[in-house]
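This is what each chain is made of:
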Amino acid sequence: GQLASLNIVTSLHDYDVHFLRRELSKASKVVSIEENMTSGGLGSWLLEHCADFKINVDIIRFGITGFVSTVGDQSFLRMHCGIDADSIYTKIQDQL
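Residues numbered from 1 in each chain as written. Predicted model: local features only at pLDDT ≥ 70, side-chain atom pairs only at ≥ 80, totals over all residues. Heavy atoms only, no water.

Enquirer: Break down the overall build of the protein chain for me, citing the residues and quoting the values.
Expert: Along the protein chain, the regular secondary structure elements total four helices and two strands. When the helices and strands of the protein chain are read in sequence order from the N terminus, they spell out α-β-α-β-α-α. In terms of overall dimensions, the protein chain has C-alpha extents of about 40 × 35 × 20 Å along its principal axes. Among the 96 residues that make up the protein chain, the fraction classed as buried is 27%. In the protein chain, of all internal contacts separated by at least 6 residues, the share reaching a separation of at least 24 is 60%. When the accessible area of the protein chain is evaluated, it comes to approximately 7000 Å², of which 51% is carbon and sulfur surface. Within the protein chain, the 12 negative side-chain charges are centred at a point lying 8 Å from the centre of the 8 positive side-chain charges. (Helix = DSSP H or I, 4+ residues; strand = E, 2+ residues; numbered from the N terminus. Buried < 20%, exposed > 50% of the residue type's maximum accessible area, 1.4 Å probe, protein only. Contact = heavy atoms within 4.5 Å. Areas by Shrake-Rupley, 256 points an atom, 1.4 Å probe, with all protein chains shown as cover. Lys, Arg positive; Asp, Glu negative; His and termini not counted. Charge placed at Lys NZ, Arg CZ, Asp CG, Glu CD.)

As structure tokens, then:
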């Protein structure tokens with residue numbers, strides 16, 4: 001069995017960095033899922049934090065990685081960008 005922990009981050013502004021450091025230090029892998037651009041988002045913030053505090057953890061980032069010119073409903077766009085449940089599940093399984 002895999003042990004997992006779930007932390008939901010809704011704002012980076014007031015996030016408890018001591019808690020974050022402690023949680024990241026315990027992890028071997030971290031998955032960041034955001035329904036927005038990966039550049040400058042939560043995953044980037046986690047990578048910077050790990051670099052600043054010399055925390056060695058594998059971070060798997062999900063999000064929109066480039067310009068999206070495709071039109072469709074939310075489900076279609078999530079699938080197109082690889083942030084739908086099936087894509088996320090498959091990528092995580094491939095990295096375990």
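Enquirer: Before we move on, could you go through the environment of Phe-62 and cite the residues and values that matter?
Expert: Relative to the helices and strands, Phe-62 is located in strand S2 (residues 58-64). Each C-alpha atom, one on Phe-62 and one on Asn-7, is 15 Å from the other, the two residues being 55 residues apart in sequence. In contact with Phe-62, other than residues within four places in its own chain, are Val-31, Ser-32, Ile-33, Glu-34, Thr-38, Gly-82, Ile-83, Ser-87, Ile-88, Lys-91 and Ile-92.

Enquirer: Provide a residue-level description of the side chain of Asp-84, including the pertinent values.
Expert: With respect to the element layout, Asp-84 can be found in the loop between helix H3 (74-81) and helix H4 (85-95). For the buried residue Asp-84, which engages in no salt bridge, the nearest side chain bearing the opposite charge is Arg-78, 8.5 Å off. With sequence-adjacent residues up to four places away left out, Asp-84 is seen in contact with Arg-78 and Met-79. (Salt bridge = Lys/Arg side-chain N within 4 Å of Asp/Glu carboxyl O.)

Enquirer: Outline the packing of helix H1 (residues 17-26) against helix H2 (residues 42-52), listing residues and values.
Expert: Contact pair H1 / H2: the axes reach a minimum separation of 11 Å and the direction vectors enclose 80°. Judged by the angle between their axes, H1 and H2 are roughly perpendicular. Two secondary-structure elements touch here, H1 through Val-17, Leu-20, Arg-21 and Leu-24 and H2 through Trp-45, Leu-46, His-49 and Cys-50. Among the residues forming the contact of H1 with H2, the class breakdown is six nonpolar, one polar and one charged. (Axes fitted to C-alpha atoms, helices over the stretch in contact; angles between N-to-C directions. Parallel < 35°, antiparallel > 145°, perpendicular 65-115°, else oblique. Nonpolar A, V, L, I, M, F, W, Y, C, P; charged D, E, K, R; others polar.)

Enquirer: Tell me about the environment of Val-17, residues and numbers included.
Expert: Positionally, Val-17 belongs in helix H1. Measuring from C-alpha to C-alpha, the distance between Val-17 and Ala-4 comes to 20 Å, with 13 residues separating the pair along the chain.

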